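Residue strings, one per chain:
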Amino acid sequence: MEDVLPYILVSVALILLAIAGGMVLLRRRAGRPEVTPPPTAPSLKPGAPAAPAPGPAAPAAPALEVPAPTAGRLVRLRARLARSQSAVGRGLLALLSRDHLTEQDWEDVETLLLQADLGVAPTTELVERLRTRTRVEGTGDAARVRAMLGDELLALVDPSLDRSLATGHDARPAVVLVVGVNGTGKTTTTGKLARVLIADGQHVVLGAADTFRAAAADQLQSWGDRVGATVVRGPAGGDPASVAFDAVRTAIESDADCVVIDTAGRLHTKVGLMDELGKVKRVIEKQAPVDEVLLVLDATTGQNGLNQARVFADVVDVTGLVLTKLDGTAKGGIVVAVQRELGVPVKLVGLGEGPDDLAPFVAADFVDAILDA
């Protein structure tokens with residue numbers, strides 16, 4: 001027993017030391033802050049679907065553009081038009097302001113008008129009328145000559161023609177078909193025309209019936225997205241008549257004011273393509289009549305544009321003309337020549353590459369821009 005006693009004492013001492021150490025440790029922990037674990041999602045009942053994980057936030061829709069008002073656009077763009085027609089205006093005023101006009105002077109007037117793409121018949125008519133008036137009213141006074149020339153040019157451009165777009169209907173959407181050859185700016189003109197109509201408070205649907213050019217539908221989609229116009233499009237290489245039909249149906253169902261249909265550019269010498277354009281028009285008319293057929297012409301092509309216009313007019317009954325690039329090297333006489341050729345008015349002119357550089361044509365403003373050059 002005496003031999004075991006030392007071991008018992010040692011064991012008791014170790015137990016006491018362990019108890020004392022535990023008490024010290026508990027005191028130290030009592031002085032630390034409590035860390036609360038993050039809350040966990042509540043457990044789901046068996047068979048309940050898991051909650052979807054939140055996805056990335058959708059990008060904010062871009063703000064729609066507000067097109068510039070159409071009223072007075074040609075006046076605002078006059079400087080561009082004047083730059084392109086400066087040679088015609090300055091040349092005519094310089095010749096007709098001379099104190100005495102010789103036969104050579106009149107030949108120079110005639111040459112200048114022909115170079116301006118006025119055409120032979122309108123040139124002859126204008127020269128004869130100017131000869132008559134100068135014999136009565138005289139020359140030499142620049143202000144009087146300018147007024148006289150302005151009167152005669154305005155008469156040739158014909159301010160009496162109805163240049164309004166047939167887009168105002170109460171019972172159904174107006175249908176506008178845009179046609180032309182490649183390279184005239186037809187799809188761009190369609191997009192800009194949508195801006196013109198939206199600026200006038202209309203609800204517009206665009207039909208991307210140019211299914212042959214790969215980028216045409218995307219280009220028109222971009223124009224529509226910028227101003228909130230609905231765009232109807234089909235597969236690349238699809239049937240353009242089907243796209244046009246769907247666009248008109250969409251416009252009717254959405255109670256739109258107007259549907260503008262872009263068609264594929266085509267050479268006026270390709271009979272098959274021209275026949276297809278006639279088919280597009282016939283398919284559209286199964287739902288609604290076509291109110292406007294706008295032929296887009298590149299004003300810089302001059303007399304070649306007249307050849308294009310003749311063929312298109314035979315196929316789709318053109319009701320109005322859009323002259324693009326009139327701010328470039330185009331000659332202003334094309335306005336008179338193409339109107340005389342087709343018997344339909346120029347309704348819109350393109351005077352730049354900006355989105356709102358398509359302007360309703362106003363005869364008086366056009367003549368003023370030529371003479372103010």
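Details of the structure are given in the entry above.
Residues numbered from 1 in each chain as written. Predicted model: local features only at pLDDT ≥ 70, side-chain atom pairs only at ≥ 80, totals over all residues. Heavy atoms only, no water.

A. Region of interest: the sheet that holds strand β4 (residues 258-263). Strand order in the open sheet formed by eight strands is β3-β2-β4-β1-β5-β6-β7-β8, with mixed pairing between adjacent strands. Edge positions in the sheet fall to β3 (230-233) and β8 (358-360), since each has one partner strand and no second. Ignoring which end each strand starts from, the neighbouring axes of this sheet average 25 degrees apart. Where strand β1 (residues 174-180) and strand β5 (residues 292-298) come together, five bridges link them in parallel fashion. Looking at the pairing, V176 lines up with E292 of β5. (Pairing = 2+ DSSP bridges. Helix = DSSP H or I, 4+ residues; strand = E, 2+ residues; numbered from the N terminus. Axes fitted to C-alpha atoms, helices over the stretch in contact; angles between N-to-C directions.)

B. View of the nonpolar core. Formed by 77 residues in total, the largest nonpolar core has its most connected members in I261, I284, L295, L321, V349 and F366. Setting aside residues no more than four positions away along its own chain, V349 makes contact with L74, L323, L326, D357, L358, A359 and F361. Judged by nonpolar contacts, the second largest core, of 22 residues, contains V176, A208, L220 and A229. (Core = buried A, V, L, I, M, F, W, Y, C linked by side-chain atoms within 4.5 Å. Buried < 20%, exposed > 50% of the residue type's maximum accessible area, 1.4 Å probe, protein only. Contact = heavy atoms within 4.5 Å.)

C. How the structure looks around empty space enclosed by the protein. Going through the model one piece at a time under the given rule, you end up with one cavity of 30 Å³ or more. Surrounding the largest cavity, 15 residues form its lining, L118, L153, G332, G333 and I370 being those nearest its centre. Looking at the lining of the largest cavity residue by residue, the classes come out as twelve nonpolar, three polar and no charged. (1 Å grid on protein atoms, 1.4 Å probe; cavity = no way out; pocket = protein on both sides within 12 Å on 5 of 7 lines; lining within 4 Å. Points joined across faces, edges and corners; volume = space filled by probe spheres on them. Nonpolar A, V, L, I, M, F, W, Y, C, P; charged D, E, K, R; others polar.)

D. Structural detail: the pairing of β5. Counted residue by residue, β5 has seven buried out of seven residues, so it is predominantly covered. Burial along β5 is two-sided: the face carrying E292, L294, V296 and D298 and the face carrying V293, L295 and L297 are both buried. When β5 meets strand β6 (residues 320-324), the two strands line up parallel, connected through five bridges. Bridging from a neighbouring strand, L294 pairs with G320 of β6. In the classification by handedness, the crossover that spans β5, the intervening helix α12 (residues 303-316) and the parallel β6 is right-handed. (Right-handed = clockwise from strand over helix to strand, strands pointing away.)

Keep in mind that these numbers describe shape and distance, not what the molecule does.
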